[in-house]
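What follows is the residue order along each chain.
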Amino acid sequence: MVDKFVPVTGCPEYREPARVCLIVDKVYDARRTRLCELRQFDATPPVPPNAGPYQVLVCEIVPNSSTVIATNITPIPGTIPPLAFVSATVACNVRFVVADGNGVQYEFIRQVPWTVEFVLYVPDPNMDVLAEVRCECLDFCLPPFSTNNDVIVSCYFGAFIQVKVHAQAELCIKEYGECLWPEITTQAPNPCIEFLDPEATPYPPFNLPQQEELL
């Protein structure tokens, strides 16, 4: 059956329908993971060994330091339906400030990597894998200790990791355009233009009231 286009009532003129194809990224699957681990780092250099006792003064994530190191899809042979291991390694940088026994402070930055892997039904192993991470230093560090050559710093870190598997898909739709209304030379001001502009009208901070529980 041939589709018919019925113009909107009152529309003085309309364009003939045309087929428009769009190339979009379609998310095939997405996984979220929350991890928490105690990580150890070699702080030498610049912290000299055998100058303790040491204390961690600062443990913080460097802003905008998150990065994706590697992603991979590895098919699992002989599986029906076809399964694959999906893996992602992400990381962020951490800034430390450590004081030695004399109160001298030392600053250094180390990378904290995380790797997640899960099994997914993947019909096409050439699909893309996207990953992102948000790291947090949990403000709990063990007292650093020194060996003959190194100073070891141990802190707890948490990570929120999201992995998405996506592929490009072609969507074809009918596009009719807009009604060709006569041009209006004068228009009344539209206050919504300014209200919907986040730069012109900032979003106010407020808390919605909580619903009281009935006793």
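This text follows the structure it describes.
Draft legend 1. Structural context of the overall build of the chain. Counting secondary structure elements, the chain contains one helix and seven strands. Along the chain direction, N to C, the helices and strands of the chain fall in the order β-β-β-β-β-β-β-α. In the chain, 78% of the contacts between residues at least 6 apart in sequence involve partners at least 24 apart. Here the chain has roughly 15,700 Å² of accessible surface; of this, 55% comes from carbon and sulfur atoms.

Draft legend 2. Spotlight on the packing of aromatic side chains. Within this structure, the stated rule accounts for five aromatic pairs. On the numbers, 5.4 Å between centres and 50° between planes, the contact of Phe41 with Phe96 is tilted. A residue pair is termed long-range when its members are at least 10 positions apart, and Phe41 in strand β1 (residues 18-42) and Phe96 in strand β4 (residues 83-99) qualify at 55 residues. Comparing Phe41 with Phe96, the two get one shared label, buried. When the ring of Phe140 is compared with that of Tyr156, the centres are 5.7 Å apart and the planes differ by 55°; the resulting orientation is tilted. A residue pair is termed long-range when its members are at least 10 positions apart, and Phe140 in strand β6 (residues 128-146) and Tyr156 in strand β7 (residues 151-175) qualify at 16 residues.

Draft legend 3. Broad picture of the nonpolar core. Within the largest apolar cluster, 38 residues are counted, with the highest numbers of intra-cluster contacts made by Val86, Phe96, Phe157 and Val163. Of all the secondary structure elements, the ones that give two or more residues to this core are β2 (55-61), β4, β5 (105-121), β6 and β7. Here Phe96 is in contact with Phe41, Val58, Cys59, Tyr106, Glu107, Phe108, Arg110, Val153, Cys155 and Phe157, once residues within four sequence places are set aside.

Draft legend 4. Inspection of the state of the cysteines at higher detail. Taken as a whole and judged by the stated rule, the model has three disulfides. Between the sulfur atoms of Cys59 and its disulfide partner Cys137 the distance amounts to 2.1 Å. Its S-S torsion of about 115° marks the bond between Cys59 and Cys137 as right-handed, since a negative value means left-handed. Taken together, the positions of Cys59 in strand β2 and Cys137 in strand β6 put the pair 78 residues apart, joining distant regions of the chain. A relative accessible area of 12% means that Cys59 is categorised as buried. Two residues, Cys141 and Cys155, share a disulfide whose sulfurs are 2.0 Å apart. The chirality of the disulfide connecting Cys141 with Cys155 is right-handed, given an S-S dihedral of about 110°. Taken together, the positions of Cys141 in strand β6 and Cys155 in strand β7 put the pair 14 residues apart, joining distant regions of the chain. Take Cys155: its relative accessible area is 0%, and that puts it in the buried class.

Draft legend 5. How the structure looks around the pattern of salt bridges. This structure, assessed with the given rule, holds five salt bridges. Between Arg39 and Glu37 there is a salt bridge, with the nearest N and O atoms lying 2.8 Å from each other. When its relative accessible area of 15% is taken as the criterion, Arg39 is described as buried. For Glu37, a relative accessible area of 36% corresponds to the partly exposed category. Notably, a salt bridge pairs Glu136 with Arg134, separated by 3.1 Å at the nearest N-O pair. Bridged by salt links that share partners, the residues Glu60, Arg95 and Glu107 form one connected network.

Cut-offs applied
Within each chain, residue numbers correspond to sequence positions counted from 1 in written order. Per-residue local features of the predicted model are confined to residues with pLDDT of at least 70, and side-chain atom pairs are confined, for both listing and counting, to 80 or more; whole-chain, interface and lining totals are unaffected and use all residues. In computing side-chain values, all of the structure's heavy atoms are included and hydrogens and water are not. Here a strand is any run of E in DSSP of at least two residues, a helix any run of H or I of at least four, and the numbering for each starts at the N terminus. Should any heavy atoms of two residues lie within 4.5 Å, those residues are counted as being in contact. Surface accessibility in these figures is a Shrake-Rupley result with a 1.4 Å probe; residues are shielded only by whichever protein chains are displayed. Each aromatic pair joins two rings of Phe, Tyr and Trp (for Trp, the six-membered one) with centres within 6.5 Å, and gets the label stacked for planes under 30 degrees apart, edge-to-face for over 60, and tilted for any other angle. Buried means the residue's accessible area, taken with a 1.4 Å probe over protein chains only, is under 20% of the maximum for its type, while exposed means over 50%, and partly exposed covers the values in between. What makes a nonpolar core is a set of buried Ala, Val, Leu, Ile, Met, Phe, Trp, Tyr and Cys residues whose side-chain atoms join them at distances within 4.5 Å. The disulfide definition used here is simple: a pair of cysteine sulfur atoms within 2.5 Å. Basic side-chain nitrogens of Lys or Arg form a salt bridge, by our definition, when they fall within 4 Å of a carboxyl oxygen of Asp or Glu.

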